[in-house]
Amino acid sequence: MIRAERLVKRYPGGHEALAGISFHVERGEMTFVTGHSGAGKSTLLRLVAGLERPTRGTLLVDGKNMATLPRRQLPRLRRRMGIVLQDPHLLYDRSVFDNVALPLAIVGMRPREIAGRVRAALDKLGLLGKEHLNPRVLSGGEQQRVGIARAVVGKPDLLLADEPTGNLDPDLAREIMDLFRAFNEVGTTVLIATHDIYLIEHLPYRRLVLERGALRRSDAA
Amino acid sequence: MKLRLRERRKGASPGYQGPKRRREDREEHRHGARPERHGPIADHLYAHRLALAGGLRRMRRSPWATWLTILVVGIALALPTALDLAVDNLGRLADDWRRGADISLFLTPDSDDAAARTLAQRLRDDPEITTVRVITRDQALEELRARAGVGEALDLLGENPLPPVVVVTPAGSDPTHLATLRQRLAGLPGVDLAQMDTQWVERLQALLRLADRLATLLGLLTAVAVAVIVGNTLRLEGQSYAPELRVSRLLGASDADLRRPFLYGGILYGLGGALVAWGIVLLGLAWIAPAVERLASHYPQGLELHGPDLHALLLLGLAGPLLGLVTARVVIGHQIRELENP
Ligand SMILES: Nc1ncnc2c1ncn2[C@@H]1O[C@H](COP(=O)(O)OP(=O)(O)O)[C@@H](O)[C@H]1O
Ligand SMILES: [Mg+2]
């Protein structure tokens, strides 16, 4: 599903956030990307999501070369992804419900069908009672869960999450992890960036450990 | 708080698919936002209906800017339409005046009234002439005395210096045709001068041709002005919707998806402006109609105010929305290309 070969990302200004890393994430695999702050975790996820373009090397996502994929083919790929960014990027001019409904509306789903799916997603994230609220009034952790609900509501083939449990207390963090695992068990490829090694140390998934842009280890737990 | 997770299977290996999984579990997490099937045409229409609703919603959100834009676009579109209408009406009027225009044949100074009558008799059989009238030397003197107020000066002359005049009304109204007729009449024996009473009409018509050119120029300038007004409104709208555009693109919206509501917005501004322009022109016509009627009572052949024809109204109704659409495509297309990723 994701194949990187000598992948380099250099930001304008010359900083090399990824210094030629190679790895392969199989279809249906669940993988963690760990490492200290500034190691390049977010950069890697943004490259996979097509939010940044590789500087050098190869990055294939679902067989598409992310260095050369034409702009207008990106939406097709994005519709099969669920993306959770560190900042949830919610829209504050509409309700929680409408925020979560957005990806479904984009693919042209009708309101009747949207309603059922959005409620199911909100239910999974324990937000059912908040659907009519404006996300502005929610806590940081709740906002993050709205962002996760929005990422999973479309039942994506590839789930990318950047520090999805950053604002959550430990119990909630574990439950969110369980949600990602549940998706993985029905075949969703999951790539999660986190610096919270205690949360994942007992989980049976492979880890890509980044250190200053280099891949230090790629180990199965 | 308890998350309601259906699956809690500790130790499941990556990608492991439980053989005893219940059916509804599989449904629950099934892949891909596969919407119910409606068919490509229905989906297409639905997307456009949604975009239209989105465009309207965005306009409603800032009603002042919306109405102001529509009003200004309407006024801008009304100006060339009104000028065109004025030129058209004056053109018709000038044609009427020219049609009624006579040619005066001044006979040589030594001619007497009998010569004029003989000439008139001959001209009555001319197929290019409808009526012939003779102004005798005495009548000419009377007219001049009455009109110019130079009675005393004329009395000093003692003898009547004026020749008789034969006034003919041409059958046709075609300008070149009239010109050849005038030349032919000027060449007749005994005719000193053949003068068409239409020189001022011709001057008016030349002026109207100029005004027509100006109307075209004004129309082009108006198109530019409308594009600037609508473009500016849409640019501000696009800026205030930047967060939504960025997030929507993150979630898989194509550039066309992002543009569509704004394109409808542009069309709606143009259409609204065209409707306002129609209103302005029709109200303006209604307002000047009584004055035209009063004027008409002074003209024997009558005077009729012509409103814009269907063709002009349709042209306006198409030009407005089309202009809005093109402007929106350029302005929003540019903004979306420049949009940064979240
Ligand atoms: N847009 C950017 N422009 C320049 N440098 C950046 C940008 N984004 C990240 N970086 C730098 O790249 C390095 C890796 O950043 P990041 O991928 O966010 O790391 P992590 O998510 O592991 O904390 C950091 O040194 C960071 O300062
Ligand atoms: Mg990061």
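Residues numbered from 1 in each chain as written. Chains lettered and ligands numbered in written order. Predicted model: local features only at pLDDT ≥ 70, side-chain atom pairs only at ≥ 80, totals over all residues. Heavy atoms only, no water.

Q: How do you make sense of the domain arrangement of chain A when you look at a structure like this?
A: Think of interface size as the accessible area that goes away when the parts come together; that is how it is often given. All names here are of chain A. Per the domain assignment, the segments making up chain A are domain 1 (1-80 + 158-221) and domain 2 (86-155). For domain 1 versus domain 2, the separation of C-alpha centres amounts to 23 Å. In this assembly, 15 residues from domain 1 lie in contact with 13 residues from domain 2. Of the roughly 1,100 Å² buried at the junction of domain 1 and domain 2 (both faces included), carbon and sulfur atoms supply 67%. It is R79, L179 and F183 that lose the most area in domain 1 upon contact with domain 2, and together they represent 38% of the buried surface on that side. The tally of links from domain 1 across to domain 2 stands at zero salt bridges. For the pair domain 1 and domain 2, the interface holds two residue pairs in polar contact (both at pLDDT 80 or more). In terms of residues, the side of domain 1 that touches domain 2 owes the most to one element, helix 6 (residues 170-185), which gives five residues. (Domains from an automatic or database assignment. Contact = heavy atoms within 4.5 Å. Buried area = accessible area lost by both parts, 1.4 Å probe. Salt bridge = Lys/Arg side-chain N within 4 Å of Asp/Glu carboxyl O. Polar contact = N/O pair within 3.5 Å; in protein donor to acceptor, adjacent residues only side chain to side chain. Helix = DSSP H or I, 4+ residues; strand = E, 2+ residues; numbered from the N terminus.)

Q: Got a minute to help me understand helix 4 (residues 111-124) of chain A in this structure?
A: Residue and element names in this part refer to chain A. Over its 14 residues, helix 4 extends 20 Å from the first C-alpha to the last, a length consistent with the 20 Å expected when each residue adds 1.5 Å. Here helix 4 has its buried residues at E113, I114, A115, R117, V118, A121, L122 and K124. A positive backbone phi angle near 65 degrees is found at G126, which sits one or two residues after helix 4. (Expected span 1.5 Å × (residues − 1). Buried < 20%, exposed > 50% of the residue type's maximum accessible area, 1.4 Å probe, protein only.)

Q: Looking at this structure, how should I read the sheet that holds strand 2 (residues 16-25) of chain A?
A: To summarise the sheet geometry, strands pair through backbone hydrogen bonds and adopt either a parallel or an antiparallel arrangement. Pairing is antiparallel in the open sheet, where four strands are placed in the order 2-1-4-5 (chain A). The sheet is open, and its two borders are formed by strand 2 and strand 5 (64-65) of chain A, each paired with just one other strand. (Pairing = 2+ DSSP bridges.)

Q: Explain empty space enclosed by the protein here, please?
A: Residue and element names in this part refer to chain A. In this structure the tally under the stated criterion is four cavities of 30 Å³ or more. Taken together, the elements giving at least two residues each to the lining of the largest cavity come down to strand 6 (81-84), helix 3 (96-106) and helix 5 (140-152). Per element, the largest residue contribution to the lining of the largest cavity is three residues, and it comes from strand 6. (1 Å grid on protein atoms, 1.4 Å probe; cavity = no way out; pocket = protein on both sides within 12 Å on 5 of 7 lines; lining within 4 Å. Points joined across faces, edges and corners; volume = space filled by probe spheres on them.)

Q: Would you mind going over the site of ligand 1 with me for this structure?
A: Residues and elements named next belong to chain A. If you check the shell around ligand 1, you find Y11, H15, A17, H36, S37, G38, A39, G40, K41, S42 and T43 and nothing else. Separating an oxygen atom of ligand 1 from a side-chain N or O atom of S42 is a distance of 2.7 Å. Take T43: an N or O atom from its side chain is 2.5 Å from an oxygen atom of ligand 1. In the complex, 62% of the free accessible area of ligand 1, which totals 560 Å², lies under the protein chains. No other element matches the three residues that helix 1 (residues 41-48) contributes to the shell around ligand 1. Of the residues belonging to the shell around ligand 1, the class tally is three nonpolar, seven polar and one charged. (Near = heavy atom within 4 Å. Areas by Shrake-Rupley, 256 points an atom, 1.4 Å probe, with all protein chains shown as cover. Nonpolar A, V, L, I, M, F, W, Y, C, P; charged D, E, K, R; others polar.)

Q: Looking at this structure, I do not really get the packing of aromatic side chains. What am I missing?
A: How two aromatic rings sit relative to each other is set out by the distance from centre to centre and by the angle between their planes. What the rule picks out here adds up to two aromatic pairs over all chains. Look at F32(A) and Y205(A): their rings are 6.1 Å apart centre to centre, the planes differ by 65 degrees, and that puts the pair in the edge-to-face class. Residue F32(A) is located in strand 3 (residues 30-34), and its partner Y205(A) is located in the loop between helix 7 (197-200) and strand 9 (206-211); the two are separated by 173 residues in the primary sequence. Ring centres of Y241(B) and F262(B) lie 6.3 Å apart, and the angle between their planes is 85 degrees; this geometry places the pair in the edge-to-face category. With a gap of 21 residues between them, Y241(B) in the loop between helix 8 (199-240) and helix 9 (242-250) and F262(B) in helix 10 (residues 255-296) connect regions that are remote in the sequence. According to the relative accessible area criterion, F262(B) is buried, its value standing at 1%. (Phe/Tyr/Trp six-rings, centres within 6.5 Å; stacked < 30°, edge-to-face > 60°.)

Q: What is the right way to read helix 10 of chain B from this model?
A: Each α-helix turn comprises 3.6 residues. Residues three or four places apart therefore point the same way. Between the first and last C-alpha of helix 10 of chain B there are 59 Å, a value that for 42 residues agrees with the 62 Å anticipated at 1.5 Å per step. Of all the bends found along helix 10 of chain B, the most pronounced is centred on A289(B) and spans about 40 degrees, while P290(B), a proline, follows it within four residues. (Bend = angle between axes of the 7 residues up to and from the residue.)

Q: So what exactly am I meant to see when it comes to the sheet that holds strand 3 (residues 165-170) of chain B here?
A: Residues and elements named next belong to chain B. Taken in spatial order, the four strands line up as 2-3-1-4 in an open sheet, and their pairing is antiparallel. If you trace the sheet from one side to the other, it starts and ends with strand 2 (129-135) and strand 4 (191-196), each paired once. Neighbour to neighbour, the strand axes of the sheet diverge by 20 degrees on average, direction disregarded. Bridge analysis of strand 1 (residues 103-107) against strand 4 gives five bridges, and the strand direction is antiparallel. Across the sheet, residue I103 finds its bridge partner in strand 4, namely M196. (Axes fitted to C-alpha atoms, helices over the stretch in contact; angles between N-to-C directions.)

Q: Just checking my understanding: could you explain the pairing of strand 3 of chain A for this structure?
A: Regular strands show a simple pattern: their side chains alternate between the two faces of the sheet. All names here are of chain A. Extensive coverage of strand 3 is indicated by the burial of five of its five residues. Examined bridge by bridge, strand 3 and strand 8 (residues 189-193) share four bridges and lie parallel to one another. Following the sheet pairing, M30 is matched in strand 8 by V190. Strand direction decides the pairing type here: strand 3 and strand 9, joined by four bridges, are parallel. Residue pairing across strands places T34 opposite V209, the latter belonging to strand 9.

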